[in-house]
Amino acid sequence: MTLGNHAWDQKELLGQIGRLPQLVRPINYPDGTPGRGFTILPAKNGRHKVMVINAMGRVFMDPLDDPFPPVEKVLNIHRLGGARMGPAGVDAIIMDMHAEASSEKMIMGHVLDGRVSLVVGTHCHVPTADLQILNGGTAYQTDAGMCGDYDTVIGMKKDAAIHKMLRKTPGERYSPGENDATVSVCGVFVETDDRTGLAKRAEPVRIGGRLGQSLPTAV
Ligand SMILES: [Fe+2]
């Protein structure tokens, strides 16, 4: 589970994240920040290793370290290709680029093309229609979208968000949308090549709620 700019909204996580290898916060937080910017976990089959990296963009976001150098550093150690790349080799790499600007996410996709299985953006809360396999074999989608209530303003109840935008005066506190009938699960399905770890097939996943449905053709 990757985090992002709301990683520390629940402050108690700061004291616990070090013990939770499934949780990944952006890799470009300053040195000394608790937690990890990437993790390597066994796949369900127990044989393959999957690496998950989270980085945060800087365009229209709070100031933060450059995301590209720490990602390069990790990819120089852990390479796609599994055990034949040595003990640090991994079988799949998923990179979550948590960013506002589509351009910054696309640049991360092109920079990592051929070296990771998937670059997928998050933070915008709406799925983009540009899922593709880049020239080097990396699957890419600018934003995965949110799993949540789409009859909202990016997941928050509409009225408070509309008031704030139109009136510029304090109003009701933001609270999450709760309308079950509109809730969707959004994501990306990627089949990787067992030898190279690159994408063979990539299909959007949208289930439930009011968005157009999309399921992988055959799993
Ligand atoms: Fe975010």
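These notes cover the structure that comes with them. Everything numeric in this text was worked out from a predicted model, so none of it was measured. (Residues numbered from 1 in each chain as written. Predicted model: local features only at pLDDT ≥ 70, side-chain atom pairs only at ≥ 80, totals over all residues.)

Comments concerning the overall build of the chain
Consideration 1: When helices and strands are tallied, the chain shows 4 helices and 9 strands.
Consideration 2: Along the chain, helices (α) and strands (β) appear in the sequence α-β-β-α-β-α-β-β-β-β-α-β-β when read from the amino end.
Consideration 3: Rg of the C-alpha trace for the chain: 18 Å, near the compact-globule value of 17 Å for 219 residues, within the 12% margin.
Consideration 4: If one aligns the C-alpha atoms of the chain with their principal axes, the spans along those axes are about 60 × 45 × 30 Å.
Consideration 5: Buried positions account for 33% of the 219 residues belonging to the chain.
Consideration 6: In the chain, 51% of the contacts between residues at least 6 apart in sequence involve partners at least 24 apart. (Helix = DSSP H or I, 4+ residues; strand = E, 2+ residues; numbered from the N terminus. Rg over C-alpha atoms; globule rule 2.2 N^0.38 Å. Buried ≥ 20, exposed ≤ 12 C-beta atoms within 10 Å, placed from the backbone. Contact = placed C-beta atoms within 7 Å.)

Examining the sheet that holds strand S1 (residues 38–42)
Consideration 1: The sheet built from 6 strands is open, its strands ordered S1-S2-S3-S4-S6-S5 with mixed pairing. Because the sheet does not close on itself, it has two edges, and the strands there are S1 and strand S5 (132–133).
Consideration 2: Of the strand pairs in this sheet, S5 and strand S6 (residues 139–141) are connected by 2 bridges, and their pairing is antiparallel. Pairing of Gln132 across the sheet is with Tyr140, part of S6.
Consideration 3: Across the face of the sheet, helix H3 (residues 102–112) comes into contact with strand S3 (92–98), strand S4 (118–122) and S6 while running at roughly 170 degrees to S4. (Pairing = 2+ DSSP bridges. Axes fitted to C-alpha atoms, helices over the stretch in contact; angles between N-to-C directions.)

What about the pairing of strand S2 (residues 49–56)?
Consideration 1: Among the 8 residues of S2, 6 are classified as buried, and the element is accordingly described as predominantly covered.
Consideration 2: Here S1 folds back onto S2, and the loop between the two strands holds 6 residues, one of which, Gly46, carries a positive phi near 80 degrees.
Consideration 3: Relative to S3, S2 runs parallel, the two sharing 7 bridges. For Asn54, the partnering residue across the bridge sits in S3 and is Asp96.
Consideration 4: Handedness of the S2-helix H2 (residues 68–77)-S3 crossover: right-handed. (Right-handed = clockwise from strand over helix to strand, strands pointing away.)

Side note on unusual backbone geometry
Consideration 1: The phi torsion at Phe60 lies on the positive side, around 60 degrees, for a residue other than glycine.
Consideration 2: Structurally, the position occupied by Phe60 is in the loop between S2 and H2.
Consideration 3: Using a count of 10 C-beta atoms within 10 Å as the deciding quantity, one classes Phe60 as exposed.

As for the nonpolar core
Consideration 1: Core analysis: the largest hydrophobic core is formed by 37 residues, its most contacted members being Ile53, Ile93, Met95, Leu118, Val119 and Val188.
Consideration 2: Contributing elements (two or more residues each) for this core: S2, H2, S3, H3, S4, S6, strand S8 (183–192) and strand S9 (199–207).
Consideration 3: With residues up to four places along the chain from it excluded, the contact list for Ile53 reads Ile27, Gly37, Phe38, Val71, Val74, Ile93 and Met95. (Core = buried A, V, L, I, M, F, W, Y, C linked by C-beta atoms within 7 Å.)

Focus: helix H4 (residues 158–167)
Consideration 1: With 0 of 10 residues buried, H4 lies mostly on the surface of the structure.
Consideration 2: Of the residues trailing H4, Lys168 is marked for its positive phi of about 55 degrees.

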